[in-house]
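# Summary of structural features
If you want the building blocks of each chain, they are given just below.
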Amino acid sequence: MIPIKFCVRNSPTQVRLINIAIVGAGTAGCASALFLSKYNQHKVSIFERVEKPYSVGAGLLLQPTGMYALNRLGLLDEVKQKGTQINRLRAETSKGRGLFDIKYSMLHPDAFGLGIHRGELFQHLYNAVTNNKSIKVLTNTHITNVEQTDGKVVLNTTGVSQGPFDLVIAADGARSHLCRTNPLLMTLTRRHRVYPWGTLWFVVKDPENKFGDTLHQTVQGTKKMLGILPNGYHDGERVVSVFWSVPTSIKDTWRKTLDIEALKNEICCVQPLAKPLVDQLHSIDQLTFADYYDTILENPYHGRVVVVGDACHAMSPQLGNGANLALWDSMVLSTFLQNNDTVEQALKGFAAERKPHVRFYGMCSRMLTPYFQSNSKVLGWGRDAFMGPFSSIPFVGKQMATVLSGVKRGVINKYDERTLVQAISGRRALDNSDHDDKVLIRNII
Ligand SMILES: Cc1cc2nc3c(=O)[nH]c(=O)nc-3n(C[C@H](O)[C@H](O)[C@H](O)COP(=O)(O)OP(=O)(O)OC[C@H]3O[C@@H](n4cnc5c(N)ncnc54)[C@H](O)[C@@H]3O)c2cc1C
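Here is what the cut-offs are and how they apply
- Residues numbered from 1 in each chain as written.
- Predicted model: local features only at pLDDT ≥ 70, side-chain atom pairs only at ≥ 80, totals over all residues.
- Heavy atoms only, no water.
- Helix = DSSP H or I, 4+ residues; strand = E, 2+ residues; numbered from the N terminus.
- Buried < 20%, exposed > 50% of the residue type's maximum accessible area, 1.4 Å probe, protein only.
- Pairing = 2+ DSSP bridges.
- Axes fitted to C-alpha atoms, helices over the stretch in contact; angles between N-to-C directions.
- Contact = heavy atoms within 4.5 Å.
- Salt bridge = Lys/Arg side-chain N within 4 Å of Asp/Glu carboxyl O.

A cis geometry characterises the amide bond from Gly163 onward to Pro164, with omega recorded as 10°. Structurally, Pro164 can be placed in strand 11 (residues 160–165). Within the chain, Asn140 stands out as a residue other than glycine whose phi angle is a positive 55°. The residue Asn140 is located in the loop between strand 8 (135–138) and strand 9 (143–149) in this model. Positive phi, normally seen in glycine, also occurs at Asp150, with a value near 50°. Considering the arrangement of structural elements, one finds Asp150 in the loop between strand 9 and strand 10 (152–157). The exposure class of Asp150 is exposed, given its relative accessible area of 79%.

As structure tokens, then:
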């Protein structure tokens, strides 16, 4: 492993206070607003199409990277209270053959993940945004287009213009209206496709705490996959999110055609331990369908519009890193605006810094997903035959833990896990200096 040499200069200047608009109050949008107001004191407005923003969604896994960003915002301690510490990720076949058993401690003795309900994460971020008097929140405002002239950007909503702004951050998610319809932003897109397999998910109690501190996956071929993620408490009882792989082609019909009893039997055949979980499934209304996108942007900005989060790099959740990358985008963008004299320099630096991290996780998700969700018998056979012995080699196990933790910036390079883990485990006091960010983000100019 080549150690990363940090080359950091304390910039005496930063981008002067500017007027910034953020489109979308999801993970990336809220975190961007909070970073920009906390560390840069810019004038920030968020536009969200939903009238009363809330987040539907199952549990998600926060990695050390995402938790580090939350810690910089001062939100990690309260978020931790709502989640479950995850120490390992286990996968096996329905016949009990182990595929991998990745422990965060392989990366660092104090490393861990956090299973949390997406709604909890959203609520903490959104509350912090609405409680922050320097951030203006405009809900029920669907942004339909952006127009750039003379270094200013104007946002269009139906019939009304907003702005002008000095910078627009498009954080409008995997189905980004702006990136798919605005002629200039469309030219940035290299790939945008929906995966052929998605998931049906539900959240239920785990009263016997059978799934403890482990994200548990069970597979049968590549067409059946069950994921069980402990993600905090509901009414004082432990809850888990259950994910069941389904083809995306059922998206419009499953509500009418799904036989819930057959589904429960099928899940129990793949993983008998899931019986107490599926016994709590009584109605189709407890289930939600989710599809995944695979999005690659050539470049995350055009002029003074920069794209962050899923709008820029949606990926399959196989590696549990989408929300973490979104949080990291927000932190890095704010750091570059803080350490450069002009918006142009900051966006150029941001794009260069984000490229290897985002490219690595997009590539790994793209490569790995068909081994777990596809129609290929060969890939399933190869996975069952080789993955177990291969992943039990200590060096490989450690590499897998490093990838899972979100710190890889390429095959060799990575962020410094020690700095991250010390911060998230409370071993390094959080101060208001941005020293740690500078140590982690090596290309600051
Ligand atoms: C089943 C599943 C499991 C997952 N598991 C994990 C996991 O374990 N770990 C992980 O890190 N990630 C996981 N993810 C991915 C994670 O949920 C996303 O990466 C993350 O939520 C992206 O955040 P975002 O802010 O970019 O987009 P979003 O959260 O989608 O937010 C976009 C916001 O923009 C608003 N908006 C959209 N268009 C407009 C418009 N035109 N005008 C105004 N507002 C607009 C939307 O209403 C929304 O509020 C998972 C995803 C799925 C589907």
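Read on for the rest.
Turning our eyes to something else, we now look at the sheet that holds strand 4 (residues 84–86). The sheet built from three strands is open, its strands ordered 3-7-4 with antiparallel pairing. The outermost strands of the open sheet, each flanked by one partner alone, are strand 3 (59–62) and strand 4. With direction set aside, neighbouring strand axes in the sheet form an average angle of 30°. Pairing geometry for strand 4 and strand 7 (residues 113–117), over three bridges, is antiparallel. Paired with Ile86 across the two strands is Gly113, which belongs to strand 7.

Further remarks concern the sheet that holds strand 12 (residues 167–170). As summarised here, the arrangement of the six strands in space is 8-2-1-12-21-20, forming an open sheet in which the pairing is mixed. The sheet is open, and its two edges are formed by strand 8 and strand 20 (301–302), each paired on a single side. Bridge analysis of strand 1 (residues 19–23) against strand 2 (residues 43–47) gives five bridges, and the strand direction is parallel. By the bridge assignment, Ile22 is partnered in strand 2 with Ile46. In the packing of helix 1 (residues 27–40) onto the sheet, contacts are made with strand 1, strand 2, strand 8 and strand 12, and the angle to strand 2 comes to roughly 170°.

Throughout the structure, instances matching the rule amount to 21 salt bridges. Note that Lys224 is salt-bridged to Glu266, the shortest N-O span being 3.4 Å. Remark: Glu266 occurs in helix 8 (residues 260–270) and Lys224 occurs in strand 16 (residues 224–234); sequence separation between them is 42 residues. By relative accessible area, which is 30% here, Glu266 ends up partly exposed. Three or more residues joined by partner-sharing salt bridges are found here, namely Arg191, Arg193, Asp294 and Arg366.

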